[in-house]
2 protein chains.
Amino acid sequence: MAVIIKPSDIEQNSMSIISAELEARGETLPEETADVVRRVIHTTADFDYVDNLVFTENAVARGVEALSAGVDIVTDTNMAKAGVSKPALSHLGGRVQCFMADPIVVAMAKAEGTTRAVVAMRHAEQHCPDAVYAVGNAPTALLQLSEQIKAGMRPSLVIAVPVGFVNVVESKEELLAVCREHDVPAIVALGRKGGSNVAAAVCNALLYRASGLTDPEERNWKA
Amino acid sequence: MAVIIKPSDIEQNSMSIISAELEARGETLPEETADVVRRVIHTTADFDYVDNLVFTENAVARGVEALSAGVDIVTDTNMAKAGVSKPALSHLGGRVQCFMADPIVVAMAKAEGTTRAVVAMRHAEQHCPDAVYAVGNAPTALLQLSEQIKAGMRPSLVIAVPVGFVNVVESKEELLAVCREHDVPAIVALGRKGGSNVAAAVCNALLYRASGLTDPEERNWKA
């Protein structure tokens, strides 16, 4: 029978199980990216992410450096925003922002006949062009970001992990190619899988490394 | 190359692709549960949920009936709370509540040396014992709910979909057995998989059926 266990013990045991299963599968994760991959598996219980997650060179180190310097995180859903560790972020001086429900964004999207995600990315560039952009839902946000990067925008990192069946695979591949061409760090979940939970998990893996916070209850909820 | 497509078209196309792939796999979903299974696949791009999701008899119909009557939804994370469709819920008269960061819950968990999830479930029973309980994260919340149901609590529905490697499989099986014994409707993701995104997706499938809202932008964001 299951018993009540402290969150910190659950997390430690979970990570040990994940590491053991990866070893049993003969997978050796590069040290640079292991934290991120393990945390996404922890969030999804899905080992497909060992293969799906692709990192541009030094993407993790550059993301951690930016977050350590206090840059903001921009998400494309309030769900991803809710999942990002606020204590870790505030410890570092950054904020997490989502512009999808901003009245200006809503009105402009309606007027232009485009998606809120497209307008939200343009809006975000005006407020925090050097933020970490974490996109877990809208392929149109990635297509728009690709255009903005081609035009000169330089985010600190793009986390490109929308989930879905239409436009998703293509938008992630395009974003990855554009980021490589313009030396913008990117972490991309190739294929159909991803989501707001994955976007938040990647952010948190970087935030935990940058902040040094280790206790799950302390990281997830302000006391 | 990917182009910008309206969210409503993306969703319709996605659901068509999911239905076609299910057919190609020889899967026939029961009409009662098909909406829920398809929406979880839409949220995760993971067809494992065809097998993982288990429903007690009439769980969907009873959940839809309760939400139509305006019962609240209680979640165990702010992330799941953020993912539940507020327009659909407010159309029906219900609210979504998460007590995990409630100062009373935090203080009591600390005083008792137990998890916030345990105290949050007890606290929720005092406020809305007949709510739909959507648990996407904490196995301890499910173990606690199981005890409360044994003691007489009668939620309208329990959505039991935590993700993870420790205590998760066992807590979901126990909850399912307790719900069956006490005639409490339950929707359970057996095995390790699940998450706050899955919890929200199940809620939304029920809310969309109860409310009749069909346009994704209208359902996700208040105009």
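Structure: above.
Residues numbered from 1 in each chain as written. Chains lettered and ligands numbered in written order. Predicted model: local features only at pLDDT ≥ 70, side-chain atom pairs only at ≥ 80, totals over all residues. Heavy atoms only, no water.

What follows concerns the pairing of strand 4 (residues 132-135) of chain B. Residues and elements named next belong to chain B. Residues Val132 and Ala134 of strand 4 are buried on one face, and the alternating residues Tyr133 and Val135, pointing to the opposite face, are buried as well. Direction of pairing for strand 2 (residues 73-75) relative to strand 4: parallel, over a ladder of three bridges. By the bridge assignment, Thr75 is partnered in strand 4 with Ala134. At this point the chain moves from strand 4, through helix 9 (residues 139-150), to the parallel strand 5 (residues 157-160), and the crossover so formed is right-handed. (Buried < 20%, exposed > 50% of the residue type's maximum accessible area, 1.4 Å probe, protein only. Helix = DSSP H or I, 4+ residues; strand = E, 2+ residues; numbered from the N terminus. Pairing = 2+ DSSP bridges. Right-handed = clockwise from strand over helix to strand, strands pointing away.)

Next up on the list: the environment of Thr214 of chain A. Secondary-structure assignment places Thr214 of chain A in the loop between helix 11 (196-211) and helix 12 (216-220). Residues Thr214 of chain A and Ser171 of chain A lie 43 residues apart in sequence; the distance between their C-alpha atoms is 34 Å.

Scanning all chains against the criterion turns up 22 salt bridges over all chains. Across the pair Asp46 of chain B and Lys193 of chain A runs a salt bridge, and its minimum N-O distance is 3.9 Å. Of the two residues, Asp46 of chain B sits in the loop between helix 2 (31-44) and helix 3 (49-52) while Lys193 of chain A sits in the loop between strand 6 (186-189) and helix 11, which places them in two different chains. As far as the burial class goes, Asp46 of chain B and Lys193 of chain A line up, both buried. In this structure, Asp72 of chain B and Arg95 of chain B form a salt bridge, with 2.5 Å as the shortest nitrogen-oxygen distance. Of this pair, Asp72 of chain B sits in the loop between helix 4 (59-68) and strand 2 while Arg95 of chain B sits in the loop between helix 6 (86-92) and strand 3 (96-98), and the two are 23 residues apart along the sequence. When salt bridges that share partners are traced, they join Asp46, Asp48 and Lys193 of chain A together with Asp46, Asp48 and Lys193 of chain B into one network. (Salt bridge = Lys/Arg side-chain N within 4 Å of Asp/Glu carboxyl O.)

So, on to the relation of the copies chain A and chain B. When chain A is fitted to chain B, the residual RMSD is 0.0 Å, and the transformation amounts to a turn of 180° plus an axial shift of 0.0 Å. The superposition of one copy onto the other is thereby described by a two-fold rotation axis. Nearest to the rotation axis, the C-alpha of Met79 of chain A is located 2.6 Å from it, this being the minimum over chain A. Of all interface residues in chain A, 100% are interface residues in chain B too; the two copies therefore contact each other through one and the same surface. (Least-squares fit on C-alpha atoms with pLDDT ≥ 70 in both. Contact = heavy atoms within 4.5 Å.)

For the rest of this paragraph, the subject is the packing of aromatic side chains. Enumeration over the complete set of coordinates arrives at two aromatic pairs over all chains. Arranged with centres 6.1 Å apart and planes meeting at 85°, the rings of Phe47 of chain A and Phe165 of chain B form a pair that is edge-to-face. Taken as a pair, Phe47 of chain A in the loop between helix 2 (31-44) and helix 3 (49-52) and Phe165 of chain B in the loop between strand 5 and helix 10 (168-181) lie in two separate chains rather than in one. Phe47 of chain A sits in the buried class, given a relative accessible area of 9%. By relative accessible area, Phe165 of chain B is classed as buried at 10%. Residue placement shows Arg25 of chain A over the ring face of Phe47 of chain A; its charged tip is 4.2 Å from the ring centre. (Phe/Tyr/Trp six-rings, centres within 6.5 Å; stacked < 30°, edge-to-face > 60°. Lys NZ or Arg CZ within 6 Å of the ring centre and 35° of its normal.)

With that out of the way, let us pick up the side chain of Ser156 of chain B. All names here are of chain B. Within the secondary structure, Ser156 sits in the loop between helix 9 and strand 5. Engagement of the side chain of Ser156 in a polar contact is seen with the backbone oxygen of Asp130, the distance being 2.5 Å. What Ser156 contacts, discounting residues up to four positions off in sequence, is Ala66, Val71, Asp130, Ala131, Val132 and Pro185. (Polar contact = N/O pair within 3.5 Å; in protein donor to acceptor, adjacent residues only side chain to side chain.)

Looking now at the nonpolar core. Membership of the largest hydrophobic core comes to 98 residues, with the highest contact counts inside it found for Leu67, Ile73 and Ile159 of chain A together with Leu67, Ile73 and Ile159 of chain B. Each residue touching Ile73 of chain A, except ones within four places of it in the same chain, is listed here: Leu67, Val84, Leu89, Arg95, Val96, Gln97, Val132, Ala134, Cys203 and Leu207 of chain A. (Core = buried A, V, L, I, M, F, W, Y, C linked by side-chain atoms within 4.5 Å.)

Between chain A and chain B, the residue contacts involve 50 residues of the former and 51 residues of the latter. Buried area between chain A and chain B, summed over both chains or domains, comes out near 4,200 Å², and the portion from carbon and sulfur atoms is 68%. Where chain A touches chain B, the interface holds four salt bridges. At the level of elements, helix 1 (7-24), helix 2, helix 5 (78-83), helix 8 (116-127), helix 9 (139-150), helix 10 (168-181) and helix 11 of chain A are the ones that each hand at least two residues to the side of chain A that touches chain B. Per element, the largest residue contribution to the side of chain A that touches chain B is seven residues, and it comes from helix 1 of chain A. When the residues that make up the side of chain A that touches chain B are grouped by side-chain class, the tally is 25 nonpolar, 16 polar and nine charged. (Buried area = accessible area lost by both parts, 1.4 Å probe. Nonpolar A, V, L, I, M, F, W, Y, C, P; charged D, E, K, R; others polar.)

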